[in-house]
Amino acid sequence: MSENIPHVLILGGGFGGLSAANEIRKSLPSFKVKITVIDKKDWFMVGFAKLWIMNGTRTFENSIGFLKELEKKDIDFIKEEILQIDLQNKTVKTSTQNLSYDFLIIAMGATLAPEKISGLTQYGMNLYDHNELSKINQKLNEIKSGNIAIAIMGMPYKCPPAPFEAALLINSMLNQLGKRQSIQIHFYSPAPITLPAAGPEVSQQILDLVNSEKIFFHDSSKTISVEKNKLIFENDKANFDLLLAIPPHVVPDVIIKCGLAKEGGFIKINRDCKTPFENVFAVGDVTSLPVGEKFAVPKAGIFAEGEGITVAKNIVSKIQSKDDSALFDGIGGCFIESGRNTASLIEVDMFSESKPTTKLTESSKEHLDEKLQFEKDRITNWL
Ligand SMILES: Cc1cc2nc3c(=O)[nH]c(=O)nc-3n(C[C@H](O)[C@H](O)[C@H](O)COP(=O)(O)OP(=O)(O)OC[C@H]3O[C@@H](n4cnc5c(N)ncnc54)[C@H](O)[C@@H]3O)c2cc1C
């Protein structure tokens, strides 16, 4: 143990990393445990704020909190790229230093990989990349007529309802700009239903919602490549004037290099979020947590947060020489904004039975207020 107190090193300052860091510090003061968070960027943003930057109701600057604020709570923050994880020697190499740990929490999220779809970076825009949102907003303002394509290009991807929410917000934006009649919105997904993780009933409700706004959902459309103004699917083609893509998601390279996941996969965990290495845990989008034979916990901030809290509790127990027995409960929810100043909530219980149970609530102004509060709570409580 470094400096005679244990060192918890947290890789990634997103939902999983920040919930874990805060939960540990809430339970143990700085003379009992040293906590360090490393991230290559120095800010945190709740994922759904990206869609507000996309539709022009928010700016990037008004949507972030700064990770250096962690230091107010005696949580060290290092803004550097993580280059290597050495699980045998219990060290992590960044751009300028080697850090040793007693406990390691890997919360590095999923990496967006638009380069995996030929032509995408040249002819399409990445809806999930914060760097592209202002440009997307500009394009949405400029387009006068034609087809907007929203295409999911790989499974699993972050926040399954978010692309549908994007379609609904774009629909509303185009209505307000008075040009919706001249523009068609087409939604392409490789899945057979809108939200496989939420089951057929909720999927049908989401389909009804998008259909009611004349957004055309095309199922089983697996994108192979993109050409100028053309999407090429396994069995079909479609023209577009503006392409907004949800690119394939992959595990960060350093995770493959340290052997915790294979190419094309994520770190496999159970509900205790342990890896095969003692005192090394993984949480959030960087992981794959199966539910029964057919399902997995979706990639969502609310679940990364729950896993972060679970791991934090187990680390605190271990430091206090108690049993480490907390299990991630799999309970969460995702808001889906209608574009009519209301939102509904998809309530999820991943482990209630042998398969997940989900319920879609009524769309209401109250749920939209809860969504705003959800963001405010994370930024103010964590940073
Ligand atoms: C448009 C959109 C809407 C969404 N809406 C919702 C929603 O309504 N509800 C919900 O629950 N979730 C939502 N999400 C999903 C949510 O944002 C993610 O699931 C969540 O951020 C995952 O948390 P995480 O901690 O696993 O990873 P992240 O939050 O992605 O954090 C990972 C961190 O690791 C850092 N990192 C990665 N590699 C390195 C490296 N080599 N060196 C240094 N740092 C590194 C990254 O910079 C990042 O800060 C949405 C996402 C998007 C894009």
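Quick summary incoming for the structure in this document. Predicted model, so just to flag it, every value in this text is computed and none were measured.

Cut-offs and rules
- Residues numbered from 1 in each chain as written.
- Predicted model: local features only at pLDDT ≥ 70, side-chain atom pairs only at ≥ 80, totals over all residues.
- Near = placed C-beta within 6 Å.
- Helix = DSSP H or I, 4+ residues; strand = E, 2+ residues; numbered from the N terminus.
- Buried ≥ 20, exposed ≤ 12 C-beta atoms within 10 Å, placed from the backbone.
- Pairing = 2+ DSSP bridges.
- Contact = placed C-beta atoms within 7 Å.
- Axes fitted to C-alpha atoms, helices over the stretch in contact; angles between N-to-C directions.
- Left-handed = near helix turned anticlockwise from the far one by under 90°.
- Nonpolar A, V, L, I, M, F, W, Y, C, P; charged D, E, K, R; others polar.

1. What to know about the site of the ligand
In the vicinity of the ligand there are 35 residues, among which Gly12, Gly14, Gly47, Gly109 and Gly284 approach most closely. Among the secondary structure elements, those contributing two or more residues to the shell around the ligand are α1 (15–27), β2 (34–39), α2 (49–54), α8 (301–319) and β25 (331–337).

2. What to know about the pairing of strand β9 (residues 103–106)
Looking down a regular strand, the side chains alternate between one sheet face and the other. The two faces of β9 match: Phe103 and Ile105 on one face and Leu104 and Ile106 on the other face are all buried. Inspection of the sheet shows strand β1 (residues 7–11) paired to β9 by four bridges, in the parallel sense. Each residue of the ladder has a partner; that of valine 8, found in β9, is phenylalanine 103. Across three bridges, the pairing between β9 and strand β21 (residues 280–282) is parallel. Note that in β21 the partner of leucine 104 across the bridge is valine 280.

3. Observations concerning the sheet that holds strand β14 (residues 215–218)
In space, the five strands of this open sheet follow the order β11-β18-β12-β13-β14, with parallel pairing throughout. Each edge of the open sheet carries a strand with a single partner, namely β11 (125–126) and β14. Bridge analysis of β11 against strand β18 (residues 242–246) gives two bridges, and the strand direction is parallel. Note that in β18 the partner of asparagine 126 across the bridge is alanine 245.

4. With respect to unusual backbone geometry
Cis geometry is adopted by the peptide bond preceding proline 156, which originates at methionine 155 and carries an omega value of 0°. As for its position among the elements, proline 156 is in the loop between β12 (146–152) and α5 (162–176). In the Ramachandran plot, asparagine 341 falls in the positive-phi region, its phi being about 60° despite a non-glycine side chain. Within the element layout of this structure, asparagine 341 appears in the loop between β25 and β26 (343–349).

5. Focus: the environment of leucine 133
Here leucine 133 is to be found in helix α4 (residues 133–142). C-beta crowding within 10 Å serves as the criterion here: with 25 such atoms nearby, leucine 133 is assigned to the buried category. As a C-alpha pair, leucine 133 and asparagine 314 span 181 residues in sequence and 38 Å in three-dimensional space. If sequence neighbours within four positions are ignored, leucine 133 has contacts with Lys50, Ile53 and Met54.

6. Topic: the packing of α1 against α8
How two helices sit against one another is set out by the angle between their axes and by the gap between those axes. Contact geometry of α1 with α8 gives a least axis separation of 7 Å together with a crossing angle of 35°. Our pair here, α1 against α8, has a crossing hand that is right-handed. Between α1 and α8, the residues in contact are Phe15, Gly16, Gly17, Ser19, Ala20, Glu23, Ile24 and Ser27 and Gly301, Ala304, Glu305, Glu307, Gly308, Ile309, Val311, Ala312, Lys313, Ile315 and Val316, respectively. Each residue belonging to the contact of α1 with α8 can be placed in one class, and the counts come to nine nonpolar, six polar and four charged.

7. Some thoughts on the sheet that holds strand β6 (residues 82–86)
The strand order β6-β7-β8 describes an open sheet built from three strands, whose pairing is antiparallel. One side of each edge strand has no neighbouring strand; the edge strands of this open sheet are β6 and β8 (98–100). Geometrically, the sheet is characterised by an average inter-axis angle of 20° between neighbouring strands, direction not taken into account. Judged from the three bridges that link them, strand β7 (residues 91–94) and β8 form a sheet pairing that is antiparallel. Within β8, the residue paired with valine 92 across the bridge is leucine 99.

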